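Architecture and fold: a report
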Amino acid sequence: MSAPGSDVILERMMALHPKIIDLTLDRVWRLLDALGNPQNALPPVIHIAGTNGKGSTQAMLRAGLEAAGCRVHAYTSPHLARFHERIRLAGELISEDALTRVLDECYHANGTDSITYFEITTCAAILAMSRTPADYTLLEVGLGGRLDATNVVAKPALTLITPISIDHEQYLGDTLAKIAFEKAGIIKRGVPCIVGPQPDEALEVIEQVAAKQSAPLLAYGQQWHVSAEAGRMVYQDETGLLDLPLPTLPGAHQIENAGAALAALRHLKMGEAAAEAAVSRAVWPARMQRLDSGALTNVAPEAELWLDGGHNASAGRALGNHLASLPKRPTYLICGMLNTKDIGGYLKPLAAEANGLIALSIPGEANTLPAEVTAEAARAVGLPADCAPDIRTALEQIAREAPQARILICGSLYLAGHIIRENI
């Protein structure tokens with residue numbers, strides 16, 4: 001768990017703005033200016049936006065760059081077990097002392113001015129990364145892109161947009177075109193942009209924004225292609241073909257995420273060893289992560305236990321496809337979601353692959369969907385459902401009914417973080 005120093009400052013930062021999300025860049029520019037504009041001193045930036053696959057793509061890109069001998073900063077959100085996971089400096093998670101110092105500096109530079117938690121902590125990450133030598137900086141968008149707190153680098157080395165789908169409609173718009181416009185806001189004049197697989201409506205918007213910015217596009221299905229063939233992954237672009245192992249991150253959708261990472265690595269002139277490392281060495285917790293040991297695995301010792309933090313309809317489809325590809329086994333879901341998510345859209349593609357669901361309220365999360373509501377939504381898509389007061393009770397119930405079941409804990413990164421802490 002986080003040590004007291006950073007925890008205390010992070011708690012203070014929560015009180016600096018009444019809203020968790022309030023999209024604008026004005027407060028970020030003000031604080032960055034007070035800090036001496038550290039965004040201008042970052043190592044070359046690769047800026048990553050999209051609805052699904054941002055974290056996995058970043059993890060593969062980092063693995064490839066590091067295999068090529070590069071020192072890599074990485075910024076991601078949210079964290080799972082501890083805040084330090086959000087900031088990686090030259091390959092290592094930020095230390096408690098370094099985090100406390102940079103948070104304290106940002107807190108005092110901001111004073112009593114209004115600023116959201118994500119905005120001020122993003123400024124802290126940028127400040128820390130600007131002061132540590134590295135070869136590349138991987139910046140993952142928090143929400144949207146155009147008005148996201150990470151969108152402060154005037155000339156990144158590269159931008160990358162992973163698959164876009166409907167999510168966060170209350171902030172980004174209620175159509176794919178509107179959401180794509182917000183995501184495409186990271187595209188900068190003259191800067192190449194890697195584009196993962198997109199619905200036609202989203203791709204059209206991305207192409208329009210890129211044309212206005214004179215930004216070259218390297219798009220899936222056009223400038224690069226990727227597919228699974230005979231148990232291998234085949235990637236091809238104008239420079240040639242790569243025959244690689246399937247990604248270690250499970251799920252057919254990870255092949256497309258790997259393709260985007262490979263397109264970026266090839267653009268950066270990284271070699272075949274970097275490409276192979278990207279697919280074989282990447283680690284990304286709570287994305288179909290197998291839990292093999294820990295306190296929770298002992299509760300259902302004969303079961304096959306998995307953890308995934310996907311939380312929208314596209315993630316549900318990817319999970320459903322992955323479950324369908326696994327050897328047949330009684331399968332149960334333990335699900336907790338936020339009240340801002342499309343729970344029906346998420347659960348519908350999973351219903352055909354599961355025998356039942358136990359719903360949880362996410363502990364300590366004010367915006368959790370009550371377990372009873374999750375259970376009702378599951379029944380509405382044809383999935384037998386019950387509720388449990390906590391994860392251990394849910395696991396015990398499944399273990400009694402089907403000791404050797406496949407159990408997928410899913411629905412939210414916030415639930416995933418709770419599970420990781422409970423499984424220590």
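Going by the structure above, here's the rest.
First, a word on what this report is: a plain description of the structure on this page. Being a predicted model, the structure only gives us computed values, none of them experimental.

For the protein chain, the helix and strand inventory stands at 15 helices and 17 strands. The globule rule puts the C-alpha radius of gyration for 424 residues at 22 Å, and the 21 Å found for the protein chain is close to it. Once the C-alpha set of the protein chain is aligned to its principal axes, its extents read approximately 60 × 55 × 40 Å. Out of the 424 residues belonging to the protein chain, those deemed buried represent 57%. Taking all contacts inside the protein chain whose residues are at least 6 apart in sequence as the whole, residues at least 24 apart take part in 75%.

Moving on, we get to the sheet that holds strand E6 (residues 158–161). Picture the strands of a sheet paired through backbone hydrogen bonds; they go either parallel or antiparallel. With respect to topology, 8 strands assemble into an open sheet ordered E4-E3-E2-E5-E1-E6-E7-E8, the strand pairing being mixed. Each edge of the open sheet is held by one strand with a lone partner, namely strand E4 (92–93) and strand E8 (217–219). Bridge analysis of E6 against strand E7 (residues 193–195) gives 3 bridges, and the strand direction is parallel. Each residue of the ladder has a partner; that of threonine 159, found in E7, is cysteine 193.

With that settled, the discussion passes to the nonpolar core. Counting 38 residues, the largest nonpolar core has Ile46, Leu61, Leu65, Ile194, Met233, Leu262 and Met270 as the members making the most contacts within it. Broken down by element, this core gets its largest block of residues, 8 residues, from helix H9 (residues 253–267). Other than its neighbours up to four places away in sequence, leucine 61 contacts Ile46, Leu138, Ala261, Ala264 and Leu265. Formed by 35 residues, the second largest nonpolar core is a distinct cluster that contains Leu32, Leu89, Cys123 and Ala128.

Of all 5 residues making up strand E17 (residues 406–410), 5 are buried, and the element is well covered by its neighbours. Here E17 shows a buried face lined by Arg406, Leu408 and Cys410 and a second buried face lined by Ile407 and Ile409. Both strand E13 (residues 304–307) and E17 contribute to a ladder of 4 bridges, which runs parallel. Bridging from a neighbouring strand, glutamate 304 pairs with arginine 406 of E17. Summarising the sheet, strand E14 (residues 331–335) and E17 pair through 5 bridges and their orientation is parallel. Each residue of the ladder has a partner; that of tyrosine 332, found in E17, is isoleucine 407.

Now for helix H2 (residues 26–34). For H2, the full list of buried residues reads Arg27, Val28, Leu31 and Leu32. In an axial view of H2, the angular spread of the buried residues amounts to 125 degrees, which keeps them on one side of the axis. Facing away from the buried side of H2, by more than 90 degrees, are the exposed residues Asp26 and Asp33. Looking at the packing, one finds that the buried side of H2 touches helix H4 (96–110) and helix H5 (117–130).

The next subject is the pairing of strand E11 (residues 240–245). Pairing between strand E10 (residues 232–237) and E11: 6 bridges, direction antiparallel. Its bridge partner being in E11, aspartate 237 is matched across the sheet by glycine 240. Between E10 and E11, which follow one another and run antiparallel, lie 2 residues.

With the rule as written, the count across this model stands at 12 salt bridges. In this structure, aspartate 292 and arginine 290 form a salt bridge, with 3.5 Å as the shortest nitrogen-oxygen distance. By relative accessible area, aspartate 292 is classed as exposed at 61%. Three or more residues joined by partner-sharing salt bridges are found here, namely Glu304, Arg329 and Arg406.

Let us look at the packing of aromatic side chains. A full pass over the atoms with the stated rule returns 4 aromatic pairs. Geometrically, the ring pair formed by tyrosine 220 and tryptophan 224 is edge-to-face, given 5.3 Å between the ring centres and 65 degrees between the ring planes. Judged by its relative accessible area of 1%, tryptophan 224 falls in the buried class. The rings of Tyr220, Trp224 and Tyr235 are connected pair by pair, giving a single aromatic cluster. Over the ring of tyrosine 107 we find arginine 12; its NZ or CZ atom is 6.0 Å from the centre of that ring.

Calculation criteria
Residues numbered from 1 in each chain as written. Predicted model: local features only at pLDDT ≥ 70, side-chain atom pairs only at ≥ 80, totals over all residues. Heavy atoms only, no water. Helix = DSSP H or I, 4+ residues; strand = E, 2+ residues; numbered from the N terminus. Rg over C-alpha atoms; globule rule 2.2 N^0.38 Å. Buried < 20%, exposed > 50% of the residue type's maximum accessible area, 1.4 Å probe, protein only. Contact = heavy atoms within 4.5 Å. Pairing = 2+ DSSP bridges. Core = buried A, V, L, I, M, F, W, Y, C linked by side-chain atoms within 4.5 Å. Arc of directions from axis to C-beta. Salt bridge = Lys/Arg side-chain N within 4 Å of Asp/Glu carboxyl O. Phe/Tyr/Trp six-rings, centres within 6.5 Å; stacked < 30°, edge-to-face > 60°. Lys NZ or Arg CZ within 6 Å of the ring centre and 35° of its normal.

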